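A structural walkthrough
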Amino acid sequence: MQGSLFLDGLGLLGAALYLGSYAGLQFGVIRGNSALYTILNLAASLAVLTSLFSQWNLSSAVIQTSWVVISLVGLTRLWLLQRRLRFDDAEQVFYDTHLGALRHIDARRFMDAGEWVDLAVGEGLTTEGTPVEALFFLAGGEARVIAGSQEVARLGEGALIGEFGVLTRAPASATVEITRPARAFRITADALETLGDRNGELLRQLSFVFALSGQAKLATSNARLRGSSLDAAR
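Below is a summary of the structure that appears in this document. Model, not experiment: these values are computed from the prediction. (Residues numbered from 1 in each chain as written. Predicted model: local features only at pLDDT ≥ 70, side-chain atom pairs only at ≥ 80, totals over all residues. Heavy atoms only, no water.)

As for the environment of Phe94
- In this fold, Phe94 is placed in helix H4 (residues 89–99).
- Linking Phe94 and Arg198, residues 104 residues apart in sequence, is a C-alpha distance of 23 Å.
- With residues near it in sequence (within four places) discarded, Phe94 still touches Leu99, Phe110, Met111, Phe137, Leu160 and Phe185. (Helix = DSSP H or I, 4+ residues; strand = E, 2+ residues; numbered from the N terminus. Contact = heavy atoms within 4.5 Å.)

Side note on the packing of aromatic side chains
- All chains considered together, the criterion is met by nine aromatic pairs.
- Between Phe53 and Trp56, the ring centres sit 5.9 Å apart and the planes meet at 50°, which makes this aromatic pair tilted.
- Judged by relative accessible area, which is 64%, Phe53 ranks as exposed.
- Judged by relative accessible area, Trp56 falls into the exposed class, the value being 52%.
- Taking the centre distance of 4.2 Å and the plane angle of 10° together, the rings of Phe94 and Phe137 count as stacked. Here Phe137 lies in strand S3 (residues 134–138) and Phe94 lies in helix H4, a separation of 43 residues in the sequence.
- A residue is classified by how much of its surface remains accessible, and Phe94, at 1% relative accessible area, is buried.
- One aromatic cluster is present, formed by Phe94, Phe110, Trp116, Phe137 and Phe185 through successive ring pairs. (Phe/Tyr/Trp six-rings, centres within 6.5 Å; stacked < 30°, edge-to-face > 60°. Buried < 20%, exposed > 50% of the residue type's maximum accessible area, 1.4 Å probe, protein only.)

Re the pattern of salt bridges
- Per the stated rule, a full pass over the model turns up 15 salt bridges.
- Between Arg144 and Glu177 there is a salt bridge, and its shortest N-O distance comes to 2.6 Å. Note that Arg144 is positioned in strand S4 (residues 142–147) and Glu177 in strand S7 (residues 175–180), a separation of 33 residues in sequence.
- Residue Glu193 is joined to Arg169 by a salt bridge in which the shortest nitrogen-to-oxygen separation is 3.3 Å. Linking Glu193 in helix H6 (residues 189–198) with Arg169 in the loop between strand S6 (160–161) and S7, this pair joins segments that are 24 residues apart in sequence.
- Put simply, Glu142, Arg144, Glu151, Arg154, Glu177 and Arg180 are held in one network by salt bridges that share partners. (Salt bridge = Lys/Arg side-chain N within 4 Å of Asp/Glu carboxyl O.)

Brief notes about the sheet that holds strand S2 (residues 124–126)
- Spatial strand order, S2-S7-S4-S5: four strands in an open sheet with antiparallel pairing. Of all the strands in the sheet, the pair left with one neighbour each is S2 and strand S5 (150–155). Averaged over neighbouring strand pairs, the angle between their axes works out to 30° when direction is ignored. (Pairing = 2+ DSSP bridges. Axes fitted to C-alpha atoms, helices over the stretch in contact; angles between N-to-C directions.)

Topic: the sheet that holds strand S8 (residues 182–188)
- With antiparallel pairing, four strands are arranged side by side in an open sheet as S1-S8-S3-S6. Here the strands that pair on one side only, and so sit at the sheet edges, are strand S1 (115–119) and S6.
- When S3 meets S8, the two strands line up antiparallel, connected through five bridges. When the sheet's bridge partners are listed, Phe137 is paired in S8 with Phe185.
- Running over the sheet, H4 touches S1, S3, S6 and S8 and is turned about 105° from S3.

Encoded structure:
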């Protein structure tokens, strides 16, 4: 009797895991291609399969066994993909500086859609009033930011350029040009659009990443302006 109650409890637990994982997927809490979603479904199918020993049902057993096998294959695939993910030194700095909110596999897809380029002094990255056509990450070198005819900032290693408008091709709020030879990662607006068509969730995450970078840039700019105002007041 106790054994039967235990098995029934396992069946209910499995049903709860199935429903919980599906609800999490529908509400956007869990990604369908994540290891968590696969693990929850694996645990659910194992629990329901075990519960069938109290009252055997061949059809249900076939379904649950298939679910177990598919989940194990999916987890193995994710593990193999993770093992193949490698970042070189510059890519690792980019990931640590700006892309830490992304899964490694998504960051790898993002980087594979772009390229590393060498930029010469005087080369323009954005032009004020012109749609932003590419995003840049400076791994070295320096750039200046010009609004109107006035230089308003200098950007160095670790800076993102174009994150405000690249996803929408909005007009650049300033001109950015290289002042010291630079090594940079570049991804075009077209490449980002293609990436978004294939993986909408990744594009939403990138929007969040770019927004954080933009907020940090605005905070730095505001702090600089406050400092200039205080110096002028003295």
